[in-house]
Amino acid sequence: MGNVAASAKSPDPFASLPELTVESLSEPPKSDDGPSAPASKSKNPGSFEELPRQTKEVFPTPFEGCKFSWNKMITERFQASHSIMMSSFKPPAYKFGATYVGGMKLGPNEQYPVLISEYGGGIVQFQAIHSFSKQVQAKAVVHATDKTWSMYQGDIGYKGKDFSMQLTGVNASIINPQGIWVAHYLQSVTDKLSLGGELLFQHGMGAKNAALTLGGRFRDGDTEFMVKTGEQSTNIGFYVKGNEQVECAVEFEYVKQMGESITTLGYCVDLPKGLSKFRGSIDTDWSVAGVLEKRFEAFPFAFTLSGLLNHKKNQAKFGIGFTIG
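Residues numbered from 1 in each chain as written. Predicted model: local features only at pLDDT ≥ 70, side-chain atom pairs only at ≥ 80, totals over all residues. Heavy atoms only, no water.

Points about the overall build of the protein chain
Applicable threshold: Each helix is a run of DSSP H or I of at least 4 residues and each strand a run of E of at least 2, with the numbering of both proceeding from the N terminus. Burial here depends on accessible area, computed with a 1.4 Å probe over protein chains only, as a share of the maximum for the residue type. Under 20% is buried, over 50% is exposed, and the range in between is partly exposed. Contact criterion: two residues are considered in contact whenever any of their non-hydrogen atoms come within 4.5 Å of each other. Each accessible area value is a Shrake-Rupley result obtained with a 1.4 Å probe; residue values ignore everything except the protein chains displayed when judging cover.
The secondary structure content of the protein chain amounts to two helices and 19 strands. By residue count, 35% of the 325 residues in the protein chain fall in the buried class. Summarising the internal contacts of the protein chain: among those between residues at least 6 apart in sequence, 35% fall at separations of at least 24. Roughly 18,400 Å² of accessible area belongs to the protein chain as shown, and the carbon and sulfur atoms make up 61% of that amount.

In structure tokens, the structure reads:
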């Protein structure tokens, strides 16, 4: 979540792998309804946290070094994965992951419960997602490091006919008041407009803090405009789908704590006949980034090229990736 953990600007070498972060765990499963799907007044707007998702999915996620990933389906419900990352700025890193998907089906792409675990670098990460019904979903995540619980999170959400609400606790305790509590609410006002807010309360280290964030989204066919603003940050995004192959997005971000703002322009080109997808971006910090993903029809193999060049800092980072399965 944007107000719980600020996203780092440095590239994540494992960005193409499923990451068990606070933000990613708070996102509900993506539906098949794209931005061009017919809208209705009774349509659920999704969660407040996923307001910037459509815009951010257009931007590339560059990495540095060489990475190798192997995904293996053991059974139709169980999958194992291996990944190795090598670069000049850190020692080689190995990660092992396992995923289990239960037999409870609530939709074409929704099957529960989902159990995901990952181990690497002395860190164990585990998350569980389960829907008790089409309206109620619960999630839990635990990070363990050196025999201690470095982070634990639990949340529960409810999806109504035209609204969504969610309550999340991070390192939180009711008996001994501490940690972070976040409440979200998003309401469909019309068939195109959704409005909502987020209330964050942090208790610990002898201090109490609260923050309110308001936001909304306007969606008209293949065009979307969204805004989230609060005391600590402001996020404005615009997304447009030109055709079946081209998507463009513009995002403005301001973080009060860092005292800086940045505007990013990005695009995504999908070439289905060539089994290729390219994402590129340029921002006001003079950073130019691009990621090319290429799959091969005859083999379960994917090839990835990544590049990031910052003209202002005179820095360049390049990466190459291989994925089997």
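Having seen it, we continue.
Remarks on unusual backbone geometry
At the junction of Tyr 112 and Pro 113, the peptide bond is cis and its omega measures out at -5° in the coordinates. Positionally, Pro 113 belongs in strand E4 (residues 110–120). Residues other than glycine seldom take positive phi values, yet Trp 286 does so here, at roughly 65°. You can see Trp 286 is positioned in the loop between strand E16 (276–283) and strand E17 (287–296).

What to know about the nonpolar core
As a reminder, the rule being used: What is meant by a nonpolar core is a set of buried Ala, Val, Leu, Ile, Met, Phe, Trp, Tyr and Cys residues, joined one to another through side-chain atoms within 4.5 Å.
In terms of nonpolar packing, the biggest core is built from six residues, these being Val 141, Met 151, Val 170, Ile 180, Val 182 and Leu 200. The next biggest cluster of nonpolar side chains, apart from the first, holds five residues, and it includes Val 58, Phe 59, Tyr 239 and Cys 268.

Details of the state of the cysteines
In protein structure, a disulfide is the covalent linkage between the sulfur atoms of two cysteines. Convention followed: Disulfides are defined as cysteine sulfur pairs within 2.5 Å.
Throughout the structure, instances matching the rule amount to zero disulfides. Cysteine Cys 268 remains unbridged, with the sulfur of Cys 248 as its closest cysteine sulfur at 9.3 Å.

Considering the packing of aromatic side chains
Both the distance between ring centres and the angle between the ring planes are used here to describe each pair of aromatic rings. Quick reminder of the rule: Pairing of aromatic rings covers Phe, Tyr and the six-membered ring of Trp, with a centre-to-centre limit of 6.5 Å; geometry is then stacked below 30 degrees between planes, edge-to-face above 60, and tilted otherwise. When the NZ atom of lysine or the CZ atom of arginine is within 6 Å of a ring's centre and also within 35 degrees of its normal, the charge is said to sit over that ring.
Tallying each qualifying case throughout the model produces six aromatic pairs. Seen in terms of ring centroids, Phe 163 and Tyr 185 are 5.9 Å apart; in terms of plane orientation they differ by 25°. Their pairing is stacked. With Phe 163 in strand E8 (residues 163–173) and Tyr 185 in strand E9 (residues 178–188), the pair connects residues that are 22 residues apart, well separated along the chain. Ring centres 6.1 Å apart and planes at 35° place the aromatic pair Phe 301 and Phe 322 in the tilted group. Separated by 21 residues along the polypeptide, Phe 301 in strand E18 (residues 301–310) and Phe 322 in strand E19 (residues 315–324) bring together distant segments of the chain. Its relative accessible area of 25% is what places Phe 301 among the partly exposed residues. Grouped by ring-pair contacts, the aromatic residues Phe 296, Phe 301, Phe 303 and Phe 322 constitute a single cluster. The ring of Phe 296 carries Lys 294 above its face, with NZ or CZ at 5.8 Å from the centroid.

Here we look at a nonpolar patch on the surface
Convention followed: Here a patch means residues that are over 30% exposed by relative accessible area and free of salt bridges, tied together within 9 Å if like-charged and within 5 Å if nonpolar (Val, Leu, Ile, Met, Phe, Trp, Tyr). In what follows, salt bridge is the name for a side-chain nitrogen of Lys or Arg lying within 4 Å of a carboxyl oxygen of Asp or Glu.
Among the surface-exposed residues, Phe 218, Phe 225, Ile 236, Phe 238, Val 250, Leu 265, Ile 282, Val 288 and Leu 309 lie close enough to one another that they form a single nonpolar patch of about 690 Å² accessible area. Within the secondary structure, Val 288 sits in strand E17.

Brief notes about the pattern of salt bridges
Tallied over the entire structure, the rule returns nine salt bridges. Residue Glu 244 is joined to Lys 241 by a salt bridge in which the shortest nitrogen-to-oxygen separation is 3.8 Å.

Re the pairing of E16
How we decide: Strands are labelled as partners when DSSP assigns at least two bridges between them.
Note: strand E15 (residues 260–271) against E16, eight bridges, orientation antiparallel. The residue bridging Leu 265 from the neighbouring strand is Ile 282, located in E16. Linking E15 back to E16 in an antiparallel pair, the connection comprises four residues, with Leu 275 at a positive phi of about 50°. Sheet analysis places E16 next to E17, joined by seven bridges and oriented antiparallel. Bridging from a neighbouring strand, Gly 280 pairs with Gly 290 of E17. Hairpin remark: E16 followed by E17, antiparallel, with three residues in the connecting loop; positive phi at Trp 286, about 65°.

A word on the pairing of strand E5 (residues 123–131)
Here seven bridges tie E4 to E5, and the two strands are oriented antiparallel to one another. In the sheet register, Val 114 faces E5, and the bridge partner there is Ile 129. Between the antiparallel neighbours E4 and E5 lie two residues, among them Gly 121 with a positive phi of about 65°. As paired strands, E5 and strand E6 (residues 136–145) are joined by nine bridges and run antiparallel to one another. Directly across from Gln 127, in E6, lies its bridge partner Val 141. In this antiparallel pair of consecutive strands, E5 and E6, the connection spans four residues.

Looking at the side chain of Gln 137
Using the following cut-off: For the purposes of these results, a polar contact is taken to be a pair of N or O atoms within 3.5 Å, where, inside protein, one atom must be able to donate a hydrogen and its partner to accept one; residues adjacent in sequence count only when each atom of the pair is a side-chain atom.
Structurally, Gln 137 can be placed in strand E6. Under the relative-accessibility criterion, Gln 137 is labelled buried at 10%. Of note is the side chain of Gln 137, whose polar atom sits 3.2 Å from the side chain of Ser 131.

Notes on the environment of Phe 59
Along the chain, Phe 59 falls in the loop between helix H2 (53–56) and strand E1 (65–73). In sequence terms Phe 59 and Val 250 are 191 residues apart; their C-alpha atoms lie 9.3 Å from each other. The contacts of Phe 59, once residues within four sequence positions are left out, are Ala 249, Glu 251, Thr 264, Leu 265, Gly 266, Arg 279 and Ser 281.

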